Amino acid sequence: MSVEVTGLNQLLSTLEKKYGPAAVQRISDQALKEGAKAFVRELKLQFELFKDTGGSIEEITISKPMTIAGARTIKVHWRGPKGRYRIIHLNEWGTVKNPNPKGKGAIARALRNAEKAYQAALLNAVRRGL
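Being a predicted model, the structure only gives us computed values, none of them experimental. (Residues numbered from 1 in each chain as written. Predicted model: local features only at pLDDT ≥ 70, side-chain atom pairs only at ≥ 80, totals over all residues. Heavy atoms only, no water.)

Novice: Even after reading the chapter, I still don't get the confidence of the model for the chain, so can you show me in this structure?
Specialist: Confidence along the chain averages 90 in pLDDT terms, with 95% of residues attaining 70 or more. Highest mean pLDDT in the chain belongs to strand β1 (residues 60–62) (97); lowest belongs to helix α1 (residues 8–19) (79). (pLDDT = per-residue confidence, 0-100. Helix = DSSP H or I, 4+ residues; strand = E, 2+ residues; numbered from the N terminus.)

What follows is the structure, encoded as structure tokens:
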């Protein structure tokens, strides 16, 4: 699942011509970090609705910015001692024995709910970077 922001690539290419590629990468990395934090805040709110021990909330992790297929990307994933990454997809999609768990669709709801906050965080970070 991903969020697509239109016009950002055109803006970044214009800024790259003006400020240089290193400055634009620094600005876009900061924007990605702030956007990921906005998404994680909403994701934690969605996971609060069905938490048991809170392990899934505690293990939400944001990666460092990286380039994948020519695009700067940050991954939000689960990493920690409880190994919650193994069962996240079960909460999101259900199983044969439990097709509708309490947390079904929590990640999709978080993506949908955080879209405007994500775009605002990107815009604010780009403005501050200039």
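Novice: Looking at this model, I keep getting lost on helix α5 (residues 106–129). Mind explaining?
Specialist: One full turn of an α-helix is made of 3.6 residues, so residues set three or four places apart face in the same direction. Compared with the 34 Å implied by 1.5 Å per residue over 24 residues, the 32 Å span of α5 between its first and last C-alpha is a close match. Its axis deflected by about 50 degrees at Ala114, α5 carries its strongest bend there. If you check which residues of α5 are buried, you get Ala106, Ile107, Ala110, Leu111, Ala114, Tyr118, Ala121, Leu122, Ala125 and Val126. (Expected span 1.5 Å × (residues − 1). Bend = angle between axes of the 7 residues up to and from the residue. Buried < 20%, exposed > 50% of the residue type's maximum accessible area, 1.4 Å probe, protein only.)

Novice: Help me understand the side chain of Asp29, please; the structure alone is not making it clear to me.
Specialist: Summarising the element assignment, Asp29 is placed in helix α2 (residues 21–48). Here the side chain of Asp29 touches Arg72 through a polar contact of 2.8 Å, side chain to side chain. Once residues within four sequence positions are removed from consideration, Asp29 is found in contact with Pro65 and Arg72. (Polar contact = N/O pair within 3.5 Å; in protein donor to acceptor, adjacent residues only side chain to side chain. Contact = heavy atoms within 4.5 Å.)

Novice: Would you mind showing me how to read the packing of α2 against α5 here?
Specialist: Two quantities define a packed helix pair, namely the angle between the axes and the distance from one axis to the other. With their axes 7 Å apart at the nearest point, α2 and α5 run at an angle of 150 degrees to one another. Classified by the angle between their axes, α2 and α5 sit roughly antiparallel to one another. Regarding α2 and α5, the two cross each other, and that crossing is right-handed. (Axes fitted to C-alpha atoms, helices over the stretch in contact; angles between N-to-C directions. Parallel < 35°, antiparallel > 145°, perpendicular 65-115°, else oblique. Left-handed = near helix turned anticlockwise from the far one by under 90°.)

Novice: I'm lost on a positive patch on the surface in this one. Help?
Specialist: On the surface, a cluster of positive charge is made up of Lys33, Lys37, Arg41 and Lys64. Structurally, Lys64 can be placed in the loop between β1 and β2 (66–68). (Patch = residues over 30% accessible without salt bridge, like charges linked within 9 Å, V, L, I, M, F, W, Y side chains within 5 Å. Areas by Shrake-Rupley, 256 points an atom, 1.4 Å probe, with all protein chains shown as cover. Salt bridge = Lys/Arg side-chain N within 4 Å of Asp/Glu carboxyl O. Lys, Arg positive; Asp, Glu negative; His and termini not counted. Charge placed at Lys NZ, Arg CZ, Asp CG, Glu CD.)

Novice: Got a minute to help me understand the nonpolar core in this structure?
Specialist: The tendency in soluble globular proteins is for nonpolar side chains to be buried as a group. Phe39, Leu43, Phe47, Ile60, Trp78, Ile88 and Ile107 are the most contacted members of the largest nonpolar core, which has 14 residues in total. When contributions to this core are tallied by element, the ones reaching two or more residues are α2 and α5. Among the elements that take part in this core, α5 stands out by supplying five residues, more than any other. Ignoring anything within four residues of it in the chain, the contact list for Ile88 reads Phe47, Ser56, Trp78 and Ile107. With 12 residues, the next largest nonpolar core counts Leu12, Ala36, Leu122 and Ala125 among its residues. (Core = buried A, V, L, I, M, F, W, Y, C linked by side-chain atoms within 4.5 Å.)

Novice: Help me understand the environment of Ala108 in this model?
Specialist: With respect to the helices and strands, Ala108 occurs in helix α5. Along the primary structure Ala108 and Glu92 are separated by 16 residues, whereas in three dimensions their C-alpha atoms are 8.2 Å apart.

Novice: So what exactly am I meant to see when it comes to the pattern of salt bridges here?
Specialist: Should the charged atoms of two oppositely charged side chains come close, the side chains can pair. Summed over the entire model, instances satisfying the criterion amount to four salt bridges. Arg128 is the partner of Glu34 in a salt bridge, and the nearest nitrogen-oxygen pair spans 2.3 Å. In this pair, Glu34 is assigned in helix α2 and Arg128 in helix α5, connecting sequence segments 94 residues apart. The exposure class assigned to Arg128 is exposed, which follows from its relative accessible area of 56%. A salt bridge links Lys82 to Glu58; the nearest nitrogen and oxygen atoms lie 3.5 Å apart. Of this pair, Lys82 sits in the loop between β4 (76–78) and α4 (88–93) while Glu58 sits in helix α3 (residues 55–58), and the two are 24 residues apart along the sequence.

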